[in-house]
Amino acid sequence: MQKCNMADAGVFGKWFLLFLFIFVNILASNTPFVDAKKKEQVLGDRVKQLMDWNMKRSVIRLNGDKFRQYVKVTPRNYSVVVMFTALQPQRQCTVCRQVNDEFQILANSWRYSQAYSNKLFFASLDYDEGHDIFTSLKMHSAPAIMHFPPKGKPKKGDTYDIQRLGIASEAITKWVGERTDIVIRVFRPPNYSGTIALGLLFSLVCGLLYLRRNNLEFLYNKTMWGIGALCIVFAMTSGQMWNHIRGPPYAHKNPQTGQMSYIHGSRNGQFVAETHIVLLLHAAITFGIVLLNESATQKGDVGKRRIVTILGLATVVVFFSILLSVFRSKYHGYPYSFLIR
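Everything numeric in this text was worked out from a predicted model, so none of it was measured. (Residues numbered from 1 in each chain as written. Predicted model: local features only at pLDDT ≥ 70, side-chain atom pairs only at ≥ 80, totals over all residues. Heavy atoms only, no water.)

Helices and strands together make up the secondary structure of the protein chain, namely 11 helices and 6 strands. Counting contacts in the protein chain only where the partners sit at least 6 residues apart, residues at least 24 apart contribute 66% of the total. Just so you have it, the protein chain exposes about 22400 Å², and 63% of that area is on carbon and sulfur atoms. (Helix = DSSP H or I, 4+ residues; strand = E, 2+ residues; numbered from the N terminus. Contact = heavy atoms within 4.5 Å. Areas by Shrake-Rupley, 256 points an atom, 1.4 Å probe, with all protein chains shown as cover.)

The next point concerns the packing of helix H8 (residues 222–238) against helix H10 (residues 272–297). In the contact formed by H8 and H10, the axes pass within 9 Å of each other and the chain directions differ by 135 degrees. As summarised for this structure, H8 and H10 are arranged oblique, according to the angle between their axes. Crossing of H8 over H10 shows right-handed handedness. Across the interface between the two elements, Leu230, Phe234, Ala235, Thr237 and Ser238 from H8 touch Thr275, Val278, Leu279, His282, Ala283 and Thr286 from H10. (Axes fitted to C-alpha atoms, helices over the stretch in contact; angles between N-to-C directions. Parallel < 35°, antiparallel > 145°, perpendicular 65-115°, else oblique. Left-handed = near helix turned anticlockwise from the far one by under 90°.)

A few words on the pattern of salt bridges. Evaluated as defined, the whole model comprises 7 salt bridges. Residue Asp158 pairs with Arg179 through a salt bridge whose shortest N-O separation is 3.0 Å. Taken together, the residues Asp158 in the loop between strand S4 (144–148) and helix H5 (162–165) and Arg179 in helix H6 (residues 169–180) connect sequence positions 21 residues apart. One network of salt bridges, in which partners are shared, links Asp65, Arg68 and Asp132. (Salt bridge = Lys/Arg side-chain N within 4 Å of Asp/Glu carboxyl O.)

Buried residues dominate strand S2 (residues 79–85), accounting for 7 of its 7 residues. Because side chains alternate across S2, one face comprises the buried residues Ser79, Val81, Met83 and Thr85, and the other comprises Val80, Val82 and Phe84, equally buried. Regarding the hand of the β-α-β motif, the stretch spanning S2, helix H3 (residues 94–111) and strand S3 (residues 120–126) is right-handed. Judged from the 5 bridges that link them, S2 and S4 form a sheet pairing that is antiparallel. Within S4, the position partnered with Met83 by the bridge is Ile145. (Buried < 20%, exposed > 50% of the residue type's maximum accessible area, 1.4 Å probe, protein only. Right-handed = clockwise from strand over helix to strand, strands pointing away. Pairing = 2+ DSSP bridges.)

Scanning all chains against the criterion turns up 1 disulfide. A disulfide bridge connects Cys93 with Cys96, and the sulfur atoms are separated by 2.1 Å. On the sign convention where negative is left-handed, the bridge of Cys93 and Cys96, at about 70 degrees about the S-S bond, is right-handed. Assigned by exposure class, Cys93 and Cys96 land together as buried. (Disulfide = S-S within 2.5 Å.)

The next point concerns a nonpolar patch on the surface. Among the surface-exposed residues, Leu198, Leu201, Leu204, Val205, Leu209, Leu216, Leu219, Tyr220, Met224 and Trp225 lie close enough to one another that they form a single nonpolar patch of about 1000 Å² accessible area. When residues of the nonpolar patch are traced back to their parent elements, those giving at least two are helix H7 (193–211) and H8. Looking at the nonpolar patch, the element that brings in the most residues is H7, giving 5 residues. (Patch = residues over 30% accessible without salt bridge, like charges linked within 9 Å, V, L, I, M, F, W, Y side chains within 5 Å.)

On to H3, then. An ideal rise of 1.5 Å per residue puts 26 Å on 18 residues; H3 measures up with 26 Å between its terminal C-alpha atoms. All buried positions along H3 are accounted for by Val95, Cys96, Val99, Glu102, Phe103, Ile105, Leu106, Ala107, Ser109, Trp110 and Arg111. (Expected span 1.5 Å × (residues − 1).)

Where H10 contacts helix H11 (residues 302–330), the axes come no closer than 8 Å and their chain directions differ by 155 degrees. Taken as axis vectors, H10 and H11 run roughly antiparallel relative to one another. In this structure, H10 crosses over H11, and the sense of that crossing is left-handed. Taken together, the residues that form the contact of H10 with H11 break down as 17 nonpolar, 6 polar and 3 charged. (Nonpolar A, V, L, I, M, F, W, Y, C, P; charged D, E, K, R; others polar.)

Next up on the list: the nonpolar core. Side chains of nonpolar character tend, in soluble globular proteins, to be buried together. One finds Phe67, Val82, Phe84, Phe122, Ile145 and Val176 to be the most contacted residues of the largest nonpolar core, which totals 47 residues. Considering each element in turn, this core owes the most residues, 7 residues, to H3. Not counting the four nearest positions on each side in its chain, Phe122 is found in contact with Ser58, Val59, Ile60, Val81, Phe103, Leu106, Ala107, Trp110, Val176 and Ile184. If you look at the next biggest cluster of nonpolar residues, it comprises 5 residues, including Val278, Leu281, Ile285 and Leu323. (Core = buried A, V, L, I, M, F, W, Y, C linked by side-chain atoms within 4.5 Å.)

Another point: empty space enclosed by the protein. One pass over the structure, following the stated rule, counts 1 cavity of 30 Å³ or more. Its volume calculated, the largest cavity comes out at about 40 Å³. Lining the largest cavity are Leu50, Ile60, Leu62, Tyr70, Val71, Val80, Phe121 and Ala123. Looking at the lining of the largest cavity, the elements that each hand over two or more residues are strand S1 (59–62), helix H2 (64–72) and S3. Of the residues assigned to the lining of the largest cavity, the class counts are 8 nonpolar, no polar and no charged. (1 Å grid on protein atoms, 1.4 Å probe; cavity = no way out; pocket = protein on both sides within 12 Å on 5 of 7 lines; lining within 4 Å. Points joined across faces, edges and corners; volume = space filled by probe spheres on them.)

In space, the 4 strands of this open sheet follow the order S1-S3-S2-S4, with mixed pairing throughout. Only two strands of the sheet have a single partner each, and these edge strands are S1 and S4. Strand-to-strand twist across the sheet, computed as the mean angle between neighbouring axes with direction ignored, equals 25 degrees. Contacting S1, S2, S3 and S4, H3 crosses the sheet at an angle of about 160 degrees to S3.

Functional significance is not addressed by these values, which are geometric in nature.
Rendered as structure tokens:
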């Protein structure tokens with residue numbers, strides 16, 4: 001009887017081990033499915049939260065924790081275009097405000113377009129709310145715009161080159177389309193300032209002609225037309241048309257050091273302040289040449305003409321040296337200089 005009980009116990013133990021083995025295998029085989037379902041649920045919650053934020057603001061405002069939770073975390077099935085900026089008043093970042101305005105126009109255009117979906121979000125991260133993120137991304141200046149794709153890490157092309165491409169929302173839109181294959185049509189709010197200025201100028205000219213209708217000899221004044229032609233030449237040769245097309249910032253301020261840059265360090269870009277500097281340098285050189293011409297062609301006191309000649313020559317030499325120095329700072333390796341290096 002005892003031997004029978006021991007045999008039964010052995011058989012029971014074998015069956016128990018067999019069932020336990022099968023049960024463990026079933027659990028192990030279902031674990032990936034459970035994990036995948038859980039990840040899908042978590043991803044759905046993140047997308048829903050981003051959509052809720054996006055309904056309230058076209059540009060989602062992030063801090064360090066939100067950036068790690070919604071932008072850096074994986075998996076993702078959406079792209080995020082993040083503007084890294086420094087908008088706090090103590091930072092005094094003028095270009096940050098300009099880029100923010102253009103970025104807002106782009107985000108609004110996407111948010112209210114018919115093609116809007118949960119595949120693309122626009123967000124911003126201020127330096128004072130996530131300086132640790134700036135450090136981890138080795139970002140030493142603001143503003144900057146980066147694209148974080150659904151899969152993988154950002155590549156070199158996922159960083160927008162503000163200095164070369166400008167800050168206009170149209171240029172940013174084109175870059176976003178290249179990175180995400182999503183076409184966004186930019187809708188700008190109406191701006192009537194140009195029309196109003198043109199209307200005021202036209203009214204002023206018409207009023208002037210009406211007041212001088214009995215004496216229009218000033219229209220034949222060569223000096224007036226010469227000054228007008230020079231103003232157009234100065235504007236075109238200084239890069240004003242490039243500014244109008246690309247929409248560059250006025251200047252750049254490093255948010256960490258506070259140093260202002262008025263001259264762009266590359267030949268592929270420029271600042272608005274730089275065009276003003278070049279325009280003034282061209283005007284000063286032209287003024288010096290006019291003085292040299294006047295001293296050579298007019299008759300009068302020799303001493304006075306000599307002073308005008310020296311003044312004109314000094315003006316040309318000094319300001320041409322400054323202009324050549326600016327050129328050297330942009331075209332690195334240019335071998336020639338004059339007075340100023």
